[in-house]
Structures are given as C-alpha cells and as structure tokens.
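Secondary and tertiary structure notes
Below, each chain spelled out in residue letters.
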Amino acid sequence: MAAEAAKKSGNDMTVVRGLDLVRYMGRWYELASVPSFFQPRDGRNTRATYTLQEDGATVHVLNETWSKGKRDAIEGSAYKADPNSDEAKLKVKFYVPPVLPIIPVVGDYWVLYVDDDYQVALVGEPRRKFLWILCRKTSIDEEVYNELLEKAKAEGYDVSKLHKTPQDDPPPEADAAPTDSKGVWWFKSLFGK
C-alpha cells in the first residue's frame with residue numbers, strides 16, 4: 001500500500017471537496033511540518049491566521065513564528081486555483097523580501113483533510129515537498145496526530161521528514177515580542193539558517 005501511495009501523482013491526491021471557507025477562517029497552529037526554506041529553522045509558536053476578504057473569495061494570510069525571541073511574520077493572500085472547482089486547491093501568494101515586498105512568490109495550498117468540526121487539518125501540495133499539520137489549539141491528542149500521519153502516508157508523503165513545531169501554552173501575543181521588521185530571517189533562510 002505504501003508503494004502504491006508513493007506512486008500517486010499530484011492529480012491523484014485526495015483533496016477536500018466543498019471546503020467551507022468561512023469555517024476554515026481564523027487561527028491555526030502549526031503542530032508539525034516538513035519545513036520549507038523560508039521558515040526559520042528554530043521557529044516556534046508558528047501559526048497562520050486566515051481572514052476572508054469582502055469579495056468572499058480571497059483570503060488574507062498572516063503567517064507568524066517566533067525565532068530568537070523575535071516575532072517573524074509575513075502577509076499574503078490565498079485564492080482558489082480554479083474558482084469553478086469544488087476542490088480545496090488554493091494558491092497562496094506572498095511578496096518577498098518582507099522588508100521591500102516586490103517579488104511575488106506563489107505556491108500551492110491543498111487542504112487534504114479537515115475534520116467535521118474544522119479543528120484539525122492536513123495541508124500539502126502536489127509535489128509533496130511541504131506538509132503541515134494544523135490545529136485550532138496548541139496541542140493535539142496523540143491518536144489524532146497519528147491518524148493524520150496515516151492520511152499523509154496514504155497520499156505519498158514521507159512523514160519521517162515531519163518536524164514537530166514547539167508551541168507554548170498559552171501562545172504568545174503578537175505584540176509580546178519585538179518584531180523582525182527588516183526581514184533578516186528571510187535573508188538568513190536563503191542560506192539555510
């Protein structure tokens with residue numbers, strides 16, 4: 001079965017259909033991820049806050065993490081890759097570097113699973129390079145976490161690459177730490193720091 005899952009193409013991935021964007025909005029805590037090059041390696045308390053814009057189709061994205069005692073954040077937007085599809089295949093767009101946001105970077109954001117109560121989610125993308133386990137709370141029951149790992153494996157992900165994201169409980173407030181307003185973290189990420 002694992003061999004079959006590994007052979008799946010991006011088009012064969014199971015993606016949520018009929019995602020209720022309104023229910024999906026709000027804050028999600030990253031409990032684990034296959035780290036991306038743009039995330040600080042020592043990041044903790046990583047979270048995303050999604051806000052539906054007035055057009056009902058565009059989502060404002062605020063990604064935050066804490067690194068070396070400072071809050072790092074980047075803002076962007078998300079939208080359905082195909083507005084006529086009921087699949088939860090979104091595109092996310094950020095402008096970099098944060099200090100002078102002029103270069104658009106667009107990526108895939110596919111909701112592979114969300115529970116009925118919209119409390120836990122599994123998010124990936126068709127190349128299987130990135131994966132996120134998200135939760136409305138800063139921790140998750142181990143049984144639920146393991147179920148999400150199995151779902152990821154079934155979609156062809158190598159879950160051994162997942163790193164658990166340290167989360168404080170209670171989580172920090174956005175204004176509780178100095179902010180890296182110069183985007184130093186982004187430049188360091190280019191060199192794998």
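The model shown is predicted, which means the values in this text are computed figures rather than measured ones.

For the rest of this paragraph, the subject is unusual backbone geometry. The linkage connecting Asp169 with the following residue, Pro170, adopts the cis geometry, with an omega of 10 degrees. Along the chain, Pro170 turns up in the loop between β9 (163-164) and α4 (184-189). Backbone geometry places Lys68, a non-glycine residue, at a positive phi of 55 degrees. Looking at Lys68, the relative accessible area reads 67%, which means it is exposed.

Below, the discussion takes up the confidence of the model for the chain. With 83% of its residues at a pLDDT of 70 or more, the chain shows a mean pLDDT of 87. Under a pLDDT of 50 for its full length, residues 1-7 has, in the predicted model, five contacts with residues more than four places off or in other chains. Note that residues 185-193 has pLDDT below 50 and, in this model, 19 contacts with residues that lie over four places away or in other chains.

The subject of this paragraph is the pattern of salt bridges. Considering all chains together, one arrives at twelve salt bridges under this definition. When the shortest N-O distance is used, the salt bridge between Arg27 and Glu64 registers 3.9 Å. Taken as a pair, Arg27 in strand β1 (residues 26-33) and Glu64 in strand β3 (residues 59-67) lie far apart in primary sequence, 37 residues in all. As a salt-bridge pair, Glu64 and Arg47 come within 2.9 Å of each other at their nearest N and O atoms.

Conventions we followed
- Residues numbered from 1 in each chain as written.
- Predicted model: local features only at pLDDT ≥ 70, side-chain atom pairs only at ≥ 80, totals over all residues.
- Heavy atoms only, no water.
- Helix = DSSP H or I, 4+ residues; strand = E, 2+ residues; numbered from the N terminus.
- Buried < 20%, exposed > 50% of the residue type's maximum accessible area, 1.4 Å probe, protein only.
- pLDDT = per-residue confidence, 0-100.
- Contact = heavy atoms within 4.5 Å.
- Salt bridge = Lys/Arg side-chain N within 4 Å of Asp/Glu carboxyl O.

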